[in-house]
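Listed below, chain by chain, are the residues.
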Amino acid sequence: MKPQKTILRALAGETLPTPPIWMMRQAGRYLPEYRATRAQAGDFLSLCYNSELATEVTLQPIRRYGFDAAILFADILLVPQALGADLWFVTGEGPRLSTITTQSELDALKPAADIHDHLNPIYTTVKMLSQELPSDTTLIGFAGAPWTVATYMIAGRGTPDQGPAHALKAENRAVFDGLMTRITEATIAYLQMQIDAGAEVVKLFDSWAGSLLDQDFIDYSIKPMQQITAALKKSHPNTPVIAFPRGAGERYQGAHAAIGSACVAVDDGVDAAWVAQTVQPDGCVQGNLKSSHMVTGGDALVAETRRIVDALKGGPHIFNLGHGITPDGDPENVQLMIDTVRGG
Ligand code: CP3
């Protein structure tokens, strides 16, 4: 049977007259209603683990804008926490984790099969969402790709150049590879549970893929995402995967085939016309609009949105930003983007 929902149709390779649309970080601090619910939850992690409130913030941008997809409200760093790492968020700064840089620290992590008790509230959120979403809205689950998750687990925080992860890779390949394997196994198990709970699509965020050079890009961004995609294809053959190797540049070419994903999400570092010529012939593409347009708005937002829609209209396309909307994004600019995509 052919899919009915627009996002699923685009992921199945269909070229639609108007691209379906959603937005990375669509549930987030730029929305006053998100800030209110987050205050009610207390802090960000409490919000992630409170299924009622996580469902509520996932639904907020759907109610306000009627996006074609909802993305589960959670975080890529819940998997390290489920594996036994300490995790906390420092207001105004970002995540902090206990670090993994030695064999004994790696050995102290839980086996991938033991993550589900901890992550059970997330599966409950997915179940609640699959009951509450409008019938034409697609539910997207997600996880971090192993390299990006490893960069946080090794450094214990976000880093501008992922230096600590590159250093461990160079100095102790056994621990680095062991950590990558553990994350890969846990990610497969986590996404399988999300799909069983009702996620119709899953997305892999490799936010720091761009700092992997040459063979490392293949070995540590592409291959782990390929392994996860292949495992999901085996267990859940009808669930499309969106892969987002952010910062891949020219290496977006061929990424669909190398990963085996239905869709490749592109950041704003590549030109839409180039994407249409070299990436889209291999399958659905998503992304590309600079997030800063959600801050600045105006004619430039309209012109860039039109240019991307026009460049990618000859093949399967899901409209999105090149990265997440920032807290200073203006909710009215989001509406302007949507009206431009849908209204021409
Ligand atoms: O709406 C959605 O997109 C779904 C929810 C979602 C969040 N994080 C919520 C969130 C998703 C898909 C993510 C993915 C994520 N988390 C990534 C990959 C995508 C990317 O942005 O590159 C990464 C690297 C993380 C790790 C993370 N989480 C960082 C570095 C931070 C702090 C930086 C920041 O933006 O504050 C977070 C916190 C976070 N995750 C927030 C939200 C809404 C802000 C937390 C808050 O409310 O204070």
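Just above sits the structure.
Attention in this report is confined to the structure presented alongside it. Everything numeric in this text was worked out from a predicted model, so none of it was measured. (Residues numbered from 1 in each chain as written. Predicted model: local features only at pLDDT ≥ 70, side-chain atom pairs only at ≥ 80, totals over all residues. Heavy atoms only, no water.)

## Observations concerning unusual backbone geometry
At R25, a position not held by glycine, the phi torsion is positive, near 60°. Following the sequence through the fold, R25 ends up in the loop between helix 1 (6-11) and helix 2 (32-41). Look at D214: it is not a glycine, yet its phi comes out positive at around 50°. In this fold, D214 is placed in helix 11 (residues 214-235). Look at D214 and you get exposed, because its relative accessible area is 68%. (Helix = DSSP H or I, 4+ residues; strand = E, 2+ residues; numbered from the N terminus. Buried < 20%, exposed > 50% of the residue type's maximum accessible area, 1.4 Å probe, protein only.)

## A look at the sheet that holds strand 6 (residues 241-245)
Backbone-to-backbone hydrogen bonds pair the strands of a sheet. The strands run either parallel or antiparallel. Read from one edge of the open sheet, seven strands run 1-4-5-6-7-8-9, paired in parallel fashion. Every interior strand has two partners, whereas the edge strands, strand 1 (69-71) and strand 9 (317-321), have only one. Neighbour to neighbour, the strand axes of the sheet diverge by 25° on average, direction disregarded. Together, strand 5 (201-206) and strand 6 form the strand contacts of helix 11, whose direction differs from that of strand 5 by roughly 165°. (Pairing = 2+ DSSP bridges. Axes fitted to C-alpha atoms, helices over the stretch in contact; angles between N-to-C directions. Contact = heavy atoms within 4.5 Å.)

## Some points on the nonpolar core
Of all hydrophobic cores here, the largest spans 120 residues; its most connected members are V334 and M337. Considering every element that reaches this core, the biggest residue donor is helix 10 (residues 173-197), with twelve residues. If we skip the residues at most four places from it in the chain, M337 touches I21, M23, L289, M294, L301, T305, F319 and L321. (Core = buried A, V, L, I, M, F, W, Y, C linked by side-chain atoms within 4.5 Å.)

## Overview of helix 10
Relative to the 36 Å expected for 25 residues at 1.5 Å per residue, helix 10 spans 36 Å between its end C-alpha atoms, a close match to the ideal helical length. Phi turns positive, to about 135°, at G198, one or two residues after helix 10. (Expected span 1.5 Å × (residues − 1).)

## Brief notes about the environment of K290
Along the chain, K290 turns up in the loop between strand 8 (284-289) and helix 14 (293-296). Spatially, the C-alpha atoms of K290 and S51 are 31 Å apart, while their sequence positions differ by 239 residues.

## What to know about the pairing of strand 2 (residues 87-90)
Walk down a regular strand and you will see the side chains alternate between the two sheet faces. With four bridges connecting them, strand 2 and strand 3 (residues 94-97) associate as antiparallel partners. Its bridge partner being in strand 3, W88 is matched across the sheet by R96. Between strand 2 and strand 3, which pair antiparallel and follow one another directly, the connecting turn spans three residues, one of which, G92, has a positive phi of 80°.

Don't take any of this as a statement about function, it's just geometry.
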